[in-house]
Amino acid sequence: MQRIRQLWAKPTARIAIVTLLVAVLMGAVAAPFALKATSAHASAECQLNSANGAIKHVIYLQFDNTHYNRDNPNVPSDLEQMPHLMNFLTQNGTLFTNDHTVLISHTAGGILSSLTGLYPDRMGQTVSNSYDYYKSSGYPIYTSSFKYWTDTVSTDDTLPNMVDEHQKTVQAPWLPFTHAGCNVGGVSAANIELENTSTAPSGDMTRVFGANSPEWTEANTAATRAQATTDFVGIAIHCALGNNLCATTNARPDDATIVPGSSGGYQALFGAKYVNPAITGGQACVQATDGSPITDSAGHCGFPGFDGALAKNTLGMVAQMQENGVPVTYAYISDAHDNHALGRASGPGEADYQAQLKNYDTAFEAFFQNLANHGIDKSNTLFVVTADEGDHFAGGAGAPQADGSLAYSHTACTVLTACPSNQIGEVNAKIGALLPAGEPGYDIHFDSAPAFYLYGAAGQNGPSQTAASTRQLERDVAAATATDPYAGGTTPIAQRLADQTEMAALHMVNSDPKRTPTFAMFGNPDFYFQTTNLSGACAGTTVCVNPGYAWNHGDVQHEIANTWSGLVGPGIANNGIDSSTWTDHTNLRPTMLSLVGLKDGYTQDGRVLVEALTTQATPQSLIAHRETVNRLSAIYEQINAPFGQFSLDTLTASTKALSSGSATDDSTYTSIEGQISSLTTQRNTLAGHIKSALNAAAFDDQSLNQEQANDWLTQAQSLLDQAHALANS
């Protein structure tokens, strides 16, 4: 539900190489990667270069908001209530439980950082699941992070939605695989398939099918628009050259960039209407893990919707792909703590929440058995399973029931000092009502962690971060309070503040200048902030508990930052639960590619998780200096990751700076901001050296220079010490 909610809130190889080079010259991509020489006239063979050639399949699964840690100490966690999944991960591989998301911590950012191995400033989603961009008028306007990979932002902003640090299209995650002869399937995974049925000039349907095509017309016609979602959204197969799955008139060019004609002869199938028959021998429906047809809410075969990406549906589609010529799949499973039938949140221990987790567990049991029956198992398959982010439960203590479950009050609470003790629901707040009158004009990204976009003059992307209007609004936001029925009494709405100086430290400054907000507030996680009037049962109020949503993220609290990642398959050590290794989402991409012997055309921000690899599967250059590699990897993450110690300390200092001063004296702000800027510049240089060295060791067989590594370790510790001192000064 969180994903849907954010949408609402606001030829031959030579030809392929030439095409990509042309695209580079046109400014479409930052750099090409090595392509395999594959005949376009023969069926491609998937060539994964893993140790001993053991890996034949890759299955990547990403949950929405699913927890390893308990939200209530007396209620088993989400993973604990899915023992068939948890036991599979812990008994056959490594489950990292000290994993972390990125900022802002939302579905789009969490998934896309995992798929690319890049922090948001290098893959475009510095604010998600929606973001504002400035129009030429100086006014910001909302758009969604969820767009097909090669979409632009809009007709007003023609840069890629998935924009890298060079303002080019980020390399799509399927490209190394399709160029190695492997078909790649996508099931609801962010931006790998069509995300919407928009027929606007920059919409998904226009981009992939073209204006006035039959598919576009279906989506552009009111009577068939819903069917177009079922037919074309959420499901895709990106085919290798010459593969029979795409030998159909239904296939479309699989462009690598926003520049039309950058496909290099590669094609893809978009939508269940075209994918399902290709993997079922002509049938319109694919079966879920329980044997039922996967349909939309009206019973039509096809995409069940993102809210309908239940485990049984997603896993059923993944299995059908894997067993029928699609050996690499990326898939998304919707969260279990929202009741997708009733359209409301559920609390820890609530009966419907427990039932949904039981259904998820049953789906995984059937999934693993079905794959094994088709010869797909841990002996030949790399399984990667993770969650996009954690969340904070906004609610009280559930009331014990006779059956051992807990019950919550799902009625809106308008008198916040008199909510029942088992109340559930985030505190919705119209943020303007909490601030002094006469504030400058602004828009926000509706969220628990709202990004503020102040109105600017024509041709400007808002006022500067030191403008009087900016600084006064920051001080006012820092001072604002509201009643929190769960904490009791009046509390500040802001817990951390970051302007563009600190956002650079957090990897939140976009290479598209139109998209960087003026500043960001990381709020009290019980709250959800908007600029519009509250509605429904909360109409007429400015602060009200809304039981429709109760699991908030985006913020910096531990329960939101902390996630988990599990790996099973050839080359993965049987370590069980690893709660000590500090890791984050960007490490999954380089680890996966290292295991399958492929490589991206860029340097990832993450690093290979050697802690999860067998010695045989670990690149020799990483083994040669393993102790140094481990130390360098650990401190690299602490200086560079959004939730590393450097970022957390500079964010603390930033909050102090933005909260300080007055219209006549802003010396504290100026001093702290200058120090953060200097430290971030040093950090960026050092982190660039370290990640380049780790990447070269992992993928180019270049050994680390021990003396240089020791110097980097010293520099990194000094940076951490300076940032910590600044936070505590």
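Residues numbered from 1 in each chain as written. Predicted model: local features only at pLDDT ≥ 70, side-chain atom pairs only at ≥ 80, totals over all residues. Heavy atoms only, no water.

Caption draft 1: Summary view of the sheet that holds strand β12 (residues 381–387). The strand order across the open sheet built from 10 strands is β7-β8-β6-β5-β9-β1-β12-β26-β2-β27, with neighbouring strands paired in mixed fashion. Because the sheet does not close on itself, it has two edges, and the strands there are β7 (252–253) and β27 (576–578). Strand direction decides the pairing type here: β7 and strand β8 (residues 267–270), joined by two bridges, are antiparallel. Residue pairing across strands places P253 opposite Q267, the latter belonging to β8. Seen against the sheet, helix α11 (residues 351–373) touches β1 (57–63), β9 (328–333) and β12 and runs at an angle of roughly 175 degrees to β1. (Pairing = 2+ DSSP bridges. Helix = DSSP H or I, 4+ residues; strand = E, 2+ residues; numbered from the N terminus. Contact = heavy atoms within 4.5 Å. Axes fitted to C-alpha atoms, helices over the stretch in contact; angles between N-to-C directions.)

Caption draft 2: Examining the state of the cysteines more closely. Going through the model one piece at a time under the given rule, you end up with five disulfides. At a sulfur-sulfur separation of 2.0 Å, the disulfide partner of C46 is C182. Where C46 bonds to C182 through sulfur, the torsion about that S-S bond is close to 80 degrees, and the disulfide is right-handed. With C46 in the loop between α2 (13–25) and β1 and C182 in the loop between α5 (175–178) and β5 (184–187), this residue pair connects regions lying 136 residues apart in the sequence. Between the sulfur of C239 and that of C246 lies a disulfide, 2.1 Å long from S to S. On the sign convention where negative means left-handed, the S-S torsion of about 75 degrees between C239 and C246 marks this disulfide as right-handed. Sequential numbering of the bridged cysteines in the protein chain gives the disulfide pattern 1-2, 3-4, 5-6, 7-8, 9-10. (Disulfide = S-S within 2.5 Å.)

Caption draft 3: Region of the structure containing the confidence of the model for the protein chain. This prediction gives the protein chain a mean pLDDT of 93; 94% of its residues lie at or above 70. Low pLDDT, under 50, characterises residues 3–43; the predicted model gives this stretch 104 contacts beyond four residues in sequence or across chains. (pLDDT = per-residue confidence, 0-100.)

Caption draft 4: Broad picture of the nonpolar core. In this structure, F63, F177, Y330, F367 and F452 are the most contacted members of the largest nonpolar core, which totals 178 residues. Top contributing element to this core by residue count: helix α19 (residues 667–699), with 12 residues. Aside from chain neighbours lying at most four places away, what touches Y330 is Y60, L115, P173, F177, V184, G185, G186, V187, A189, I192, R589 and M592. I104, Y119, V556 and W582 belong to the second-largest nonpolar core, a separate cluster that totals 24 residues. (Core = buried A, V, L, I, M, F, W, Y, C linked by side-chain atoms within 4.5 Å. Buried < 20%, exposed > 50% of the residue type's maximum accessible area, 1.4 Å probe, protein only.)

Caption draft 5: How the structure looks around unusual backbone geometry. Cis geometry is found at the peptide bond from L103 to I104, where omega equals -10 degrees. The step from S128 to N129 runs through a cis peptide bond, and the omega angle for that step is 15 degrees. Looking at the element boundaries, N129 is found in the loop between α4 (107–116) and β3 (130–134). The phi torsion at N65 lies on the positive side, around 50 degrees, for a residue other than glycine. Among the secondary structure elements, N65 is positioned in the loop between β1 and α3 (83–92). Positive phi outside glycine occurs at H507, with the angle close to 65 degrees. Of note, H507 is situated in the loop between α13 (500–505) and β22 (519–523).

Caption draft 6: Just empty space enclosed by the protein, in detail. By volume, the largest cavity is sized at about 70 Å³. The wall of the largest cavity is formed by 13 residues, among which R607, V608, L694, N695 and A698 lie closest to the centre. The set of elements that each furnish at least two residues to the lining of the largest cavity consists of α17 (626–640) and α19. For the lining of the largest cavity, the leading source of residues is α19, giving four residues. (1 Å grid on protein atoms, 1.4 Å probe; cavity = no way out; pocket = protein on both sides within 12 Å on 5 of 7 lines; lining within 4 Å. Points joined across faces, edges and corners; volume = space filled by probe spheres on them.)

Caption draft 7: Here's a closer look at the packing of α3 against α11. At a closest axis distance of 7 Å, the pairing of α3 and α11 adopts a crossing angle of 50 degrees. Comparing their axes, α11 and α3 come out oblique. Facing P83, H84, L85 and F88 of α3, the residues of α11 in contact are D361, F364, E365 and F368. Here the contact of α3 with α11 is composed, by residue class, of five nonpolar, one polar and two charged. (Parallel < 35°, antiparallel > 145°, perpendicular 65-115°, else oblique. Nonpolar A, V, L, I, M, F, W, Y, C, P; charged D, E, K, R; others polar.)

Caption draft 8: Up close: the pairing of β22. Burial within β22 is extensive, with five of its five residues counted as buried. Side chains F519, M521 and G523 project from β22 onto one buried face, and the interleaved A520 and F522 project onto a second face that is buried too. Relative to β22, strand β18 (residues 451–454) runs antiparallel, the two being bridged by two bridges. Its bridge partner being in β22, A451 is matched across the sheet by A520.

Caption draft 9: Here's a closer look at the environment of T586. Mapping T586 onto the fold places it in the loop between β27 and α15 (588–596). For the pair T586 and G117, spaced 469 residues apart in sequence, the C-alpha to C-alpha distance is 3.8 Å. The residues touching T586, leaving out its near neighbours within four places in the chain, are S113, G117, L118, Y119, D605, G606 and R607. A polar contact is formed between the side chain of T586 and the side chain of D584, at a distance of 2.7 Å. (Polar contact = N/O pair within 3.5 Å; in protein donor to acceptor, adjacent residues only side chain to side chain.)

Caption draft 10: Inspection of the sheet that holds strand β21 (residues 494–499) at higher detail. The strand order β17-β18-β22-β21 describes an open sheet built from four strands, whose pairing is antiparallel. Two strands bound the open sheet, and with one partner strand each, they are β17 (442–444) and β21. The mean inter-strand angle of the sheet, taken between neighbouring strand axes irrespective of direction, is 25 degrees. Sheet topology places β17 next to β18; three bridges connect them, and they run antiparallel. Among the inter-strand pairings, D443 is bridged to a residue of β18, identified as Y453.

Caption draft 11: Expanded view of the pattern of salt bridges. Summed over the entire model, instances satisfying the criterion amount to 17 salt bridges. A salt bridge links R515 to D512; its shortest N-O distance comes to 3.5 Å. Just as R515 is buried, D512 falls in that class too. A salt bridge links R607 to E637; its shortest N-O distance comes to 3.6 Å. Of the two residues, R607 sits in the loop between α15 and α16 (620–623) while E637 sits in helix α17, which places them 30 residues apart along the sequence. When its relative accessible area of 2% is taken as the criterion, E637 is described as buried. Each of the salt bridges in this network shares a partner with another, and the network as a whole consists of R122, E165, D605 and K691. (Salt bridge = Lys/Arg side-chain N within 4 Å of Asp/Glu carboxyl O.)

Caption draft 12: View of α15. In terms of burial, α15 is a largely internal element, nine of the nine residues being buried. Here α15 has its buried residues at L588, R589, P590, T591, M592, L593, S594, L595 and V596. G597 sits one or two positions beyond α15 and adopts a positive phi of about 75 degrees.

Caption draft 13: A look at α3. Residues of α3 that are buried: L85, M86, F88, L89, T90 and N92. On the buried face of α3, the contacting elements are β1, β2 (93–100), α11, β12, β26 (562–568) and β27.

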